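If you want the building blocks of each chain, they are given just below.
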Amino acid sequence: MTVPNPASATRVAPPAPLGMLAELTHRCPLSCPYCSNPVDLEKRSVELDTETWKRVFSEAAAMGVLHLHLSGGEPTARKDIVELTAHAVKVGLYTNLITSGIGVTREKLQELADAGLDHVQLSIQDALPDNADRIAGLKGAHEKKRVLAGHVLELGLPLTINAVIHRANIENIEALVHMALEFGARRVEIAHSQYYGWALENRNMLMPTREQVMKAADTVERLREELQGKLVIDAVVPDYYARRPKPCVGGWGKQSLNVTPQGKVLPCHAAETIPHLVFDYVTEKSLSEIWEHGSAFEAYRGTSWMKEPCTSCPRKEIDFGGCRCQALAITGDPANADPACSLSPHHAKITSLALKAADSGKSDYVYRSFGGAKGGPRVEITRS
Ligand code: SF4
Ligand code: FES
């Protein structure tokens, strides 16, 4: 594995990030097998306290962050979610609540709206309630989401629906999009599962076939035309069947940062899978110091760390070589071109992994849990 030496690169102060993802807690009532949280979830006992989160939000606003994504796990599992939201609004951040919708009462949503919450992003697992509940690992979850969407509308908050797409729901994209319309959303994200964290553990159970992916792309294009002016459809393409990679997180250390429940600051949600990186904590350094000088951010910022074929590629300032975490997971070196790129010498490997996974016929999810992938439930769980 190539370990970059940031000290050798010419240092130019990076522009402020546009967005910050605050993973307030990893606790969540759902157990989705595609969750992008790390397999080793951070326990409640290590979560940052209210005052520290408020300081972090103030620092984020002062350094120029515009969007704050209040995320998790389920962010409303934090008892101080209203106080945290109010503080973020006070310091001038645009606040987006990323929620499963479970356990969020109308009263709580009213308090959040009164605190100045700007936007709600609600996840749904499928258009078919039984299948949605099976994927989420919680009986009755889907109906609770429908109820929450109603409250969001009544309170006049803008709503985005997020649907992670995989083998068990890819045939239902049209119904999912119409469900988003019915829920009153202005935007829907059709986001093919990205294979990090729990999704990587479940790759054999989640991967769609190439035919399903192609059909899904046609469906999204047709729906975009049909619903123009009524609903915005964002689509995140599936890497494993791509020819060119996405500019993951908008470029490493370029547009966004993540803060984990215990205050670890990450360039992306899967950065901890890269073993040589050292992460800073908001309890030890200021957010701006970490963003500007943290060794994990410096490691793959810009293009000086790249290897061929990226070094001489005209797209290197467009996609920044794709995803570092995927390059590590599939090629063993995070400084390699993302193997989703057809110019990568490892591209055939990602294609064959996709075909093998799609053909596995497996459906026994390893559900997300605090027990880790080995300790977590491997079969359907439908708690009530
Ligand atoms: Fe992007 Fe590198 Fe592929 Fe060029 S070679 S398209 S920079 S991943
Ligand atoms: Fe880490 Fe893409 S998920 S760079």
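Residues numbered from 1 in each chain as written. Chains lettered and ligands numbered in written order. Predicted model: local features only at pLDDT ≥ 70, side-chain atom pairs only at ≥ 80, totals over all residues. Heavy atoms only, no water.

Caption draft 1: The arrangement of the site of ligand 1 in detail. Contacts to ligand 1 come from Arg 244, Pro 245, Pro 309, Cys 310, Cys 313, Arg 315, Lys 316, Asp 319, Gly 321, Cys 341 and Leu 343. In the shell around ligand 1, the residues fall into six nonpolar, one polar and four charged. (Near = heavy atom within 4 Å. Nonpolar A, V, L, I, M, F, W, Y, C, P; charged D, E, K, R; others polar.)

Caption draft 2: Representation of the environment of Cys 28 in the model. Within the element layout of this structure, Cys 28 appears in the loop between strand 1 (19–23) and helix 1 (50–63). Overall, the relative accessible area of 27% leaves Cys 28 in the partly exposed class. In this structure, the C-alpha to C-alpha distance between Cys 28 and Pro 75, residues 47 residues apart in sequence, is 8.2 Å. Apart from residues lying up to four places away in sequence, Cys 28 is in contact with Gly 73, Glu 74 and Arg 368. (Helix = DSSP H or I, 4+ residues; strand = E, 2+ residues; numbered from the N terminus. Buried < 20%, exposed > 50% of the residue type's maximum accessible area, 1.4 Å probe, protein only. Contact = heavy atoms within 4.5 Å.)

Caption draft 3: Molecular detail of the sheet that holds strand 2 (residues 67–71). The strand order across the open sheet formed by nine strands is 7-6-5-4-3-2-1-8-9, and the pairing between neighbours is mixed. The open sheet is flanked by strand 7 (232–236) and strand 9 (265–266), the only strands paired with a single partner. With four bridges connecting them, strand 2 and strand 3 (residues 94–99) associate as parallel partners. Across the sheet, His 69 pairs through a bridge with Asn 96, a residue of strand 3. Packed onto the sheet, helix 5 (residues 141–154) meets strand 3, strand 4 (119–123) and strand 5 (159–165) and runs at close to 165° relative to strand 4. (Pairing = 2+ DSSP bridges. Axes fitted to C-alpha atoms, helices over the stretch in contact; angles between N-to-C directions.)

Caption draft 4: View of the UniProt feature "domain: Radical SAM core" (unreviewed entry) in the chain. As annotated in UniProt, the feature "domain: Radical SAM core" (unreviewed entry) corresponds to residues 14–230 in the numbering used here. In this annotation, residues 14–230 is assigned 42% helix and 16% strand; the end-to-end C-alpha distance for the span is 38 Å. (UniProt positions renumbered as here; feature names shortened; annotations may be inferred.)

Caption draft 5: The arrangement of the environment of Asp 40 in detail. Following the sequence through the fold, Asp 40 ends up in the loop between strand 1 and helix 1. Sequence separation of Asp 40 and Arg 368 is 328 residues, and the distance between their C-alpha atoms is 9.8 Å.

Caption draft 6: Structural context of the nonpolar core. With 89 residues, the main nonpolar core has Met 20, Phe 57 and Leu 287 as its most contacted residues. Looking at this core element by element, the count peaks at six residues for helix 6 (residues 173–183). Every residue in contact with Met 20, bar those within four places of it in the chain, is listed here: Val 56, Phe 57, Ala 60, Val 65, His 67, Leu 68, His 69, Leu 257, Val 259 and Leu 287. (Core = buried A, V, L, I, M, F, W, Y, C linked by side-chain atoms within 4.5 Å.)

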